[in-house]
Amino acid sequence: MVSSLMLLPGDLAARPSARDVIEIDFAGVLAIVRKQIALLDLDLSGLTVVVGATTGHQAVTATAAALANANRVVALTRISSRHPSLAASADATSAFANLAKVSERVEVTNRIDGRKWQDVDLVTNCLQVGPITRSLIELLPSHAVVSLMAEPWELRPGVVDFDACDEAGIKVAAPNLSHPAIDLLPELARLCCILLRDAGVDQRAARLAIVCDTPFAPSLEHTLRESGARVTVFSHPMLMTNDAWDVIVVAMRPSDKPSMDINSLGRIARNSRQALLVQFSGGIDRSAANYFGLRIWPPKRPNRGQLGLPLDVLGSAPMVRRLTGGLKAAEAAYRGVELGEDSVGFLVTARSATVGWERA
C-alpha cells in the first residue's frame, strides 16, 4: 500500500519543478558582503584576483574582492549553450561594482592574455574561468593560490588538476563550511528540507533513507530528525537495508558515473518500489530509474555538480558567506597563515582531494 504521505504520480508531475527567478536586493547584498569582510578580516590588499562574471548572487564576487582592497579584479565572462548571455553577466557584475563605487578596480572581460596570468595572485574555481587545467596552471606564478570556493567533496571530478598544482608548488585552498563565520552545513540541510517539501513529502511522518558519503550527513540527519522524520543514513547505495522506505534522499558527492546506478536502483525497486528518490546531490541513473518505474524529484535532472535546488533559494547571506569564505581561505594560504582543522579554510593536495577528501 502506498504511504499516505507520498504523492501519487499524477500529483507529483503537477507540482512546480522550478522556482521563480529570485529578485536581488543589490544594496542589501552589499551590506552583507561588508559585514562578512569585517567578520573574516578579509584583506586582499595589493593582490590581483580572477573571478567569474555571472548573474545572480555570485555576481557580487568581483565587488567583494574589490571591497576587500584587492588591487585589481578581473571578472571573466563565458558564453556557452547553457549560459548564453555575456551581456547579462557583465551587467550584473558591473552593477554591483558601480553601486559599491569600486568599478575602477573591476575589469569585466571575456579573456586574459596568456602573459597576463603571470600577474595573477588568486584565481577562483568557477564556471567562467573553466577547468583549472595543467595548461592554465603553467601560466600562473608559483606564488599564486587557487581558491576552490567549495569543499573538495562538493566538486565534480576534473575541475582542478591537483597533480599539476602540486608539481608547480601552487597552493589550493578551500573554505571550511563548518567554520562559525561560514556555517553552511546547516544551511545545506535546510535547503534539502525545502527540496523535500517541494516534492510533497511530509517530513513529520516520513521514513527516510539518506544515502550520503560526505561530511554533510550528520547535519542533514539532525535537521530531518528535528522535523520529525525517521531517518537512517547509509554511506553508499549498496549498503542500504531492504526496508520499505517512503523517501530515499541521494546526497552523494559528484562523480563521473551516477552513484545511484542500475544495480542500486534494482534493489530499491524490489524492496521500495513506492519510494520517492530525491536527488539533492550526486547522480542518479534516470534511464534505469524510469525502467524500474521509480519516481524522482526534481523531475528535471540537475546539471552535473549542481544541487537539486540552488543555494540562492535561502537568500543572500549563505551565498555571500560561501564566496567571502572562499576568498578568505585563499588569502590565508597566500599569506602563509597556518591552516588547521578549526581554521576558516584548509589546503587541498592531490592526495587529499582524491583519497577520502580529507582536510590537509
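Note that the structure is a prediction, hence the values are computed from the model and not measured.

Reading guide: rules and limits
- Residues numbered from 1 in each chain as written.
- Predicted model: local features only at pLDDT ≥ 70, side-chain atom pairs only at ≥ 80, totals over all residues.
- Heavy atoms only, no water.
- Helix = DSSP H or I, 4+ residues; strand = E, 2+ residues; numbered from the N terminus.
- Buried < 20%, exposed > 50% of the residue type's maximum accessible area, 1.4 Å probe, protein only.
- Contact = heavy atoms within 4.5 Å.
- Areas by Shrake-Rupley, 256 points an atom, 1.4 Å probe, with all protein chains shown as cover.
- Pairing = 2+ DSSP bridges.
- Axes fitted to C-alpha atoms, helices over the stretch in contact; angles between N-to-C directions.
- Expected span 1.5 Å × (residues − 1).
- Arc of directions from axis to C-beta.
- Parallel < 35°, antiparallel > 145°, perpendicular 65-115°, else oblique.
- Left-handed = near helix turned anticlockwise from the far one by under 90°.
- Nonpolar A, V, L, I, M, F, W, Y, C, P; charged D, E, K, R; others polar.
- Phe/Tyr/Trp six-rings, centres within 6.5 Å; stacked < 30°, edge-to-face > 60°.
- Lys NZ or Arg CZ within 6 Å of the ring centre and 35° of its normal.

### Let's talk about the overall build of the protein
Link 1 in the chain: Regarding its fold elements, the protein presents 12 helices and 12 strands.
Link 2 in the chain: Residue burial in the protein is summarised as follows: out of 360 residues, 54% are buried.
Link 3 in the chain: Contacts in the protein between residues at least 24 apart in sequence constitute 75% of all its contacts with a sequence separation of at least 6.
Link 4 in the chain: Counting only carbon and sulfur atoms, one obtains 50% of the accessible surface of the protein, whose full area is about 16,100 Å².

### A look at the sheet that holds strand β1 (residues 48-52)
Link 1 in the chain: Spatially, 7 strands are ordered β3-β2-β1-β4-β5-β6-β12 in an open sheet, and the strand pairing comes out mixed. Because the sheet does not close on itself, it has two edges, and the strands there are β3 (106-109) and β12 (345-347). On average, each strand axis in the sheet is inclined to that of its neighbour by 20 degrees, with strand direction left out of account.
Link 2 in the chain: Summarising the sheet, β1 and strand β4 (residues 122-124) pair through 2 bridges and their orientation is parallel. What sits directly across from Val49, in β4, is Leu122.
Link 3 in the chain: With respect to the sheet, helix α11 (residues 316-334) is in contact with β1, β4, β5 (145-147), β6 (171-175) and β12, its orientation differing from that of β6 by roughly 145 degrees.

### Let's talk about helix α2 (residues 26-40)
Link 1 in the chain: Counted at 1.5 Å a residue, the expected span for α2 with its 15 residues is 21 Å, and the 21 Å between its end C-alpha atoms agrees.
Link 2 in the chain: Along α2, the positions that sit buried rather than exposed are Val29, Leu30, Val33, Gln36, Ile37 and Leu40. Taken around the axis of α2, the buried residues stretch over an arc of 125 degrees, which confines them to a single face. In α2, the exposed positions that point more than 90 degrees away from the buried face belong to Lys35, Ala38 and Leu39.

### Considering the packing of helix α7 (residues 185-198) against helix α8 (residues 217-226)
Link 1 in the chain: Put simply, α7 and α8 touch, their axes get as near as 9 Å, and they point 50 degrees apart. With respect to α8, the element α7 is oriented oblique. The interaxial crossing formed by α7 with α8 has right-handed handedness. Facing Leu185, Pro186, Ala189, Cys192, Cys193 and Leu196 of α7, the residues of α8 in contact are Ser219, Leu220, Thr223 and Leu224.
Link 2 in the chain: Its residues assigned to classes, the contact of α7 with α8 comprises 8 nonpolar, 2 polar and no charged.

### Quick look at unusual backbone geometry
For residues that are not glycine, phi is negative in most cases, and the peptide bond is trans in most cases.
Link 1 in the chain: Residue Pro298 is bonded to the preceding Trp297 through a cis peptide linkage, with omega at 0 degrees.
Link 2 in the chain: Residue placement: Pro298 occurs in the loop between β11 (295-297) and α11.
Link 3 in the chain: Unlike most non-glycine residues, Lys101 shows phi in positive territory, near 60 degrees.
Link 4 in the chain: Along the chain, Lys101 turns up in the loop between α4 (86-99) and β3.
Link 5 in the chain: With relative accessibility at 68%, the residue Lys101 sits in the exposed group.
Link 6 in the chain: A positive phi is found at Met149, a non-glycine position, where the angle reads about 65 degrees.

### A closer look at the packing of aromatic side chains
Link 1 in the chain: Evaluated as defined, the whole model comprises 4 aromatic pairs.
Link 2 in the chain: Between Phe26 and Phe96, the ring centres sit 4.3 Å apart and the planes meet at 20 degrees, which makes this aromatic pair stacked. On the criterion of sequence distance, the pair formed by Phe26 in helix α2 and Phe96 in helix α4 is long-range, its members being 70 residues apart.
Link 3 in the chain: On the basis of relative accessibility, which here comes to 0%, the residue Phe96 falls in the buried class.
Link 4 in the chain: Where Tyr291 meets Phe292, the ring centres are 5.1 Å apart and the plane angle is 75 degrees; that geometry is what we call edge-to-face.
Link 5 in the chain: Residue classification places Tyr291 among the exposed positions, given a relative accessible area of 66%.
Link 6 in the chain: The ring of Trp245 carries the charged tip of Arg207 above its face, separated from the ring centre by 5.0 Å.

Fair warning: the whole summary comes from geometry, so function is off the table for now.
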